[in-house]
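# Observations on chain architecture
What follows is the residue order along each chain.
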Amino acid sequence: MADTLRILVTGGKGQLAQCLRKQQPEAYAVTYAPRAALNLEDHASTRAQITGMKPDVVINAAAYTKVDQAEKEPDAAFAANELAVKNLAEVCRDTGALLLHISTDFLFHGAFNRPIDEQQAPAPIGIYAQSKLAGEKAVLASGVSGAIVRTSWLYSEFGNNFMKTMIRLAGEKPRLTVIADQHGSPTYAGDLAAALWQMTEKLAERKLARCQTWHFSNYGVTTWYDFAVNILVLAGSKTPVEPILTAEYPVPTPRPAYSALWPRGFSQEFDFPIRNWRLALADAVAAYNKQQDGAFL
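Cut-offs applied
- Residues numbered from 1 in each chain as written.
- Predicted model: local features only at pLDDT ≥ 70, side-chain atom pairs only at ≥ 80, totals over all residues.
- Heavy atoms only, no water.
- Helix = DSSP H or I, 4+ residues; strand = E, 2+ residues; numbered from the N terminus.
- Rg over C-alpha atoms; globule rule 2.2 N^0.38 Å.
- Buried < 20%, exposed > 50% of the residue type's maximum accessible area, 1.4 Å probe, protein only.
- Contact = heavy atoms within 4.5 Å.
- Polar contact = N/O pair within 3.5 Å; in protein donor to acceptor, adjacent residues only side chain to side chain.

### Some thoughts on the overall build of the protein chain
In terms of regular secondary structure, the protein chain is built from nine helices and 12 strands. Its C-alpha atoms give the protein chain a radius of gyration of 19 Å, near enough to 19 Å, the size a compact globule of 297 residues would have. Projected onto its principal axes, the C-alpha coordinates of the protein chain cover approximately 55 × 45 × 35 Å. The buried share of the protein chain, taken over its 297 residues, is 49%.

### Re the environment of Ile-102
Looking at where Ile-102 falls in the secondary structure, it is placed in strand 4 (residues 98–104). Spatially, the C-alpha atom of Ile-102 lies 25 Å from that of Met-166, the residues being 64 residues apart in sequence. Residue contacts for Ile-102: discarding those within four places in its chain leaves Leu-16, Asn-60, Ala-61, Lys-132, Val-149, Thr-151 and Leu-196.

### Observations concerning the side chain of Asn-87
Structurally, Asn-87 is set in helix 3 (residues 74–95). At a separation of 3.4 Å, a polar atom in the side chain of Asn-87 contacts the main-chain carbonyl oxygen of Glu-41. Apart from the residues within four sequence positions on either side, Asn-87 is in contact with Leu-40, Glu-41, Asp-42 and His-43.

### A few points about unusual backbone geometry
If a residue is not glycine, its phi is most likely negative; likewise, a peptide bond is most likely trans. A positive phi angle, near 45°, is found at Trp-153, a position not held by glycine. Following the sequence through the fold, Trp-153 ends up in the loop between strand 5 (146–151) and strand 6 (154–155). Overall, Trp-153 belongs to the buried group, its relative accessible area being 10%. Of note, the phi angle at Asp-271 is positive, near 50°, even though the residue is not glycine. According to the relative accessible area criterion, Asp-271 is exposed, its value standing at 57%.

Nothing here speaks to function; it is geometry throughout.
See below:
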């Protein structure tokens with residue numbers, strides 16, 4: 001590896017990329033590439049551009065994430081979540097770049113009653129989840145060095161996400177209804193970004209023979225309802241939130257009833273302290289409020 005690591009971040013306009021930019025180590029030379037600048041579905045273009053950039057590490061934060069729309073657009077979902085990932089993994093393998101590929105808790109549908117570790121076999125339901133698993137398989141089959149990092153319930157002060165949606169709706173509606181029987185681990189994208197920079201530093205020092213899979217989330221298990229209540233309390237909103245069951249809010253694609261992740265392996269392997277989701281959420285809401293205050297200056 002060069003003394004100054006050259007990093008390429010795909011999905012350069014997404015919330016994770018913006019959190020990575022916010023916490024970027026000064027010693028790294030980082031390029032944030034949006035889809036318009038780097039079409040990963042075009043193998044020849046991907047190879048030409050990455051070969052020219054010569055990155056030491058690629059963080060793949062690009063993905064098709066429209067869960068319900070994926071049922072109507074399976075070709076688009078698999079193109080972004082499998083074909084593009086396959087192209088990127090093969091080019092990274094051939095150029096010697098480490099690949100850190102971001103995946104999802106949506107892979108796990110089943111009767112779980114404890115946080116899910118990396119040993120649990122995926123059981124995806126729906127086009128989105130199936131396309132994300134296909135992308136993981138493409139990474140592993142390529143022989144590229146690096147890691148797959150699965151995360152869950154990602155939110156931040158950037159982009160479109162559950163936290164910002166709840167705050168917005170609380171200002172527009174007299175009451176909110178939120179699902180109370182789906183369990184997961186909310187993850188602040190700011191914490192994931194810090195973890196990925198730590199992972200980048202550690203992996204860049206090693207001679208990796210193969211790609212490994214890790215789970216990263218903030219610690220703790222909650223429901224969408226409890227998550228929403230905590231968001232609004234921190235945001236200072238008095239809008240009431242009513243719990244409902246999944247059956248009362250039908251969607252085209254079933255959501256996992258329990259997809260909380262167990263990130264202790266990541267924490268130990270990369271010497272990264274992981275926070276409880278409530279502590280992380282407090283920082284995220286504070287960052288959002290600061291961002292909003294700045295917008296009116």
